[in-house]
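# Structural features, examined
Take a look at the letters that make up each chain.
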Amino acid sequence: MKKQLFIGITLAIISFSLIWLILTPVLFPVSRIDASISAPQRGFTAPGFSLQTPQESNHSLSDYEGQPVLVFFWASWCSVCKAAMPGLQAVYTDYAPNGFTILAINTSHQDTLATALNYFQSQGYSYTMLLDLDGAVSQEYQVRALPTSVLIGGDGVVADVVIGSGVSEGYLRARLDQILITMEED
Amino acid sequence: MLPVINIGPIAIQSTGFILLLGYFIGSWLTSKFAQNIGTNTDVIENCILISLLLGLVGARAGFLLQNPTVLVNNPLSLVSLTPSMLNTGFGLLVGGLSAIVIAQKNNLPLWPTLDTISPFFLVIFASIHLANFGSGKDFGLATNLPWGIHLWNASRHPVQIYALLLVVCLFLWFLLHTKGLMTNGYVRSGVLFNLILASLGFITLFTRAFIENKVLLAGIDVIQLISFIILALSLGIIYQKVYRPPERNAVLISMGSNIDSQQNLVKGLESLKTEFGVNKSSSIYRSRDINKHSGKVEYLNQLVNFSTSMSYKEVIEKLKSIEKASGRQPGDKHSVPLDLDLLTYNNDVFHVQDQHGLQYVPHPDLLRHRHIVLPLAEISPGFKHPANGLSIQGIMKNIKDNRKIIKMKEVTHHGSTR
């Protein structure tokens, strides 16, 4: 390629790129994600739900407005879920005084309720166990693997979605610290 | 969107799976490319693997430095398989520094090595966008365009697909240009890499405009700004390399002869001095002919180096005319009055197809024959192979040619030895 042609093409590319860079905020303005849109994805409002505990007490996500909540989908046959749950208990014990709640939603439509309940009670977990009997909430949260953990900030917006074993005790403590600091600043 | 691929009872996280697949494909293509252009395959492969592993360790360490209480409360967090506990910036820094240290330690030449890694960058870039498409991360702005995809309760720009389509086009061009990973396609090393880098910068700059979650600094997306800087720098380097080459090009030539050898070498040396002005010439080395079919049994060789303002093509034409003047018949390997091979041209690594056939620079004989390496050690003891960074000792270790080589004593300009 001749030198003049290269310089011409380069200047055209650089000019276009610079204009595109400057015009991006004008042509494609960043709109804050619409609060009315709910989706199980970081940045969106967490989809609302209302479920019962094994003792038939009703719990809605909206009951915990203003508090950080971990929605944890699990099943008694899921060894990865069971491996994570003691860690959740430790974090819950430490952070419950700050308003932190864990809603451990048993995917009861694909689990044996008696086995799940027996396991949960035998371990002495003090956070709330809820039953997704028809799988509607699991479907709403697009749960494709267990465990799926959705961490929701005090503003009801999804802060993180973790699929699998990633919801470790250390991770949860670090994220909760960040969320609580943000809540204090607001 | 498919964040998890369910195969029976097994749930595979698509992000990790796609990135791992990308690593293996990219690494395999890089290894093929390295073999074909002569760079150091093993060291480059190891360099990529070790940098990635150290990058991951660095990313975890960065996260724990940011959140020291996590480590205090749960020391096992250091090794937990939690992808969310990674600090990307710190990981990139540690991985990048590790790559530089490994490359320096193994004397990997910068630009030929980066040219070699180009397919790895292309595949990893494509993998990241495919993984983001799978997980629904970095989703696009809402749009009414007919090709919008339904994601997170809105019709959105399939921004990851835009990037993927562009990078697939770039990859096809790359395969065509390199003739299926056979050559880097440019005389100057580093041009190919910078071209790929500039293209990836442009693709990122263009497609980031359609992303919903931008990282803003004074209203401008930081990733777009970085991409613009990379694009501009890469184009600048290409211009510098192609249109403002060094004023003097360092050239290393091997002279060989099997007919009236001493006289022809002296004449050849004189011609080279007249045409280019020779810096250094080695002693003459005698060996048996490597072409066993040849009737001649003895070959004399000598190496010279010089610097010239001539382009590669001009140097080759001059060498061919000197060979012709010595009575050399093209294609005759039996009787060779004077054979002039260009061994290296600057520190560039390239293949050229011209009327004299396919030329490899650096010349492959540099890694094959002691009658080339021994005189090279004499005139340039600190020599590093431009493609693979091997020293004289490193090259000698790998040479299988064990013919007896005799160094002849000082050669006078009249062609006699004493």
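Keep in mind it's a predicted model, so treat the numbers as computed, not measured.

## Overview of the overall build of chain B
- Check the secondary structure of chain B and you find 12 helices and 14 strands.
- Considering only C-alpha atoms, chain B reaches an extent of 85 × 50 × 45 Å along its principal axes.
- When the 418 residues of chain B are sorted by exposure, 49% land in the buried category.
- Across chain B, every contact between residues at least 6 apart in sequence was considered, and the portion connecting residues at least 24 apart equals 68%.
- Of the roughly 20600 Å² that chain B leaves accessible, carbon and sulfur atoms contribute 63%.
- If the 35 positive side-chain charges of chain B are averaged to one point and the 24 negative ones to another, these points end up 4 Å apart.

## Overview of the state of the cysteines
All names here are of chain A.
- One pass over the structure, following the stated rule, counts one disulfide over all chains.
- The partner cysteine of C78 in its disulfide is C81, sulfur to sulfur 2.1 Å. Where C78 bonds to C81 through sulfur, the torsion about that S-S bond is close to 90 degrees, and the disulfide is right-handed.
- You can call C78 buried: its relative accessible area is 5%.

## A short note on the domain arrangement of chain A
- Taken as a whole, chain A is organised into domain 1 (1-30) and domain 2 (50-185).
- Put simply, the middle of domain 1 of chain A and the middle of domain 2 of chain A, counted by C-alpha atoms, are 49 Å apart.

## Notes on the interface of chain B and chain A
- Facing the 48 residues of chain B at the interface are 43 residues of chain A.
- Where chain B abuts chain A, roughly 3600 Å² becomes buried across the two surfaces, and 68% of that area is made up of carbon and sulfur atoms.
- When the area that chain B buries against chain A is broken down by residue, the three leading residues are W152, F228 and Y243 of chain B, summing to 17%.
- Applying the counting criterion to the chain B and chain A interface returns zero salt bridges.
- Taken together, the connections running from chain B to chain A amount to four residue pairs in polar contact (both at pLDDT 80 or more).
- Looking at the side of chain B that touches chain A, its residues break down into 28 nonpolar, 16 polar and four charged.

## Notes on the nonpolar core
- By size, the foremost hydrophobic cluster in this structure holds 54 residues, and its most contacted members are F49, W74, F100, Y141 and L172 of chain A.
- Looking at this core element by element, the count peaks at seven residues for helix α2 (residues 79-95) of chain A.
- Apart from the residues lying within four places of it in its own chain, the contact partners of L172 of chain A are L70, L88, V91, F100, L151 and V167 of chain A.
- One finds I253, F276, V315 and L342 of chain B within the second-largest nonpolar core, a separate group that totals 26 residues.

Quick notes on the rules
In this convention, every chain numbers its residues from 1, walking through the sequence in written order. The naming scheme follows written order: chains are lettered A onward, ligands numbered 1 onward. Given that this is a predicted model, residues contribute local features only at a pLDDT of at least 70 and side-chain atom pairs are listed and counted only at 80 or more, while totals for whole chains, interfaces and linings are drawn from all residues. Calculated side-chain values reflect all of the structure's heavy atoms, with hydrogen atoms and water omitted. Helical segments are the DSSP runs of H or I of at least four residues, strand segments are the runs of E of at least two, and each set is numbered from the N terminus. Burial status follows relative accessibility: with a 1.4 Å probe on protein chains alone, a residue under 20% of its type maximum counts as buried, one over 50% as exposed, and anything between as partly exposed. In what follows, a contact means two residues having at least one pair of non-hydrogen atoms within 4.5 Å. Each accessible area is a Shrake-Rupley result for a 1.4 Å probe, and residues are judged covered by the shown protein chains and nothing else. A positive count includes Lys and Arg, and a negative count includes Asp and Glu. His and the chain ends are not counted in either. A single reference atom marks each charge: NZ on Lys, CZ on Arg, CG on Asp, CD on Glu. The term disulfide is used for any two cysteine sulfur atoms that are within 2.5 Å. Delimitation of the domains relies on an automatic or database domain assignment. Accessible area that two parts lose when put together, with a 1.4 Å probe and added across both, is what the buried area reports. The term salt bridge refers to a side-chain nitrogen of Lys or Arg lying within 4 Å of a carboxyl oxygen of Asp or Glu. Side-chain atoms alone can form a polar contact between residues adjacent in sequence; in general such a contact is a pair of N or O atoms within 3.5 Å, and within protein one must be able to donate a hydrogen while the other accepts it. Three categories are distinguished: nonpolar for Ala, Val, Leu, Ile, Met, Phe, Trp, Tyr, Cys and Pro, charged for Asp, Glu, Lys and Arg, and polar for the others, with Gly belonging to the last. Definition used in this section: a nonpolar core is a set of buried Ala, Val, Leu, Ile, Met, Phe, Trp, Tyr and Cys residues joined via side-chain atoms within 4.5 Å.

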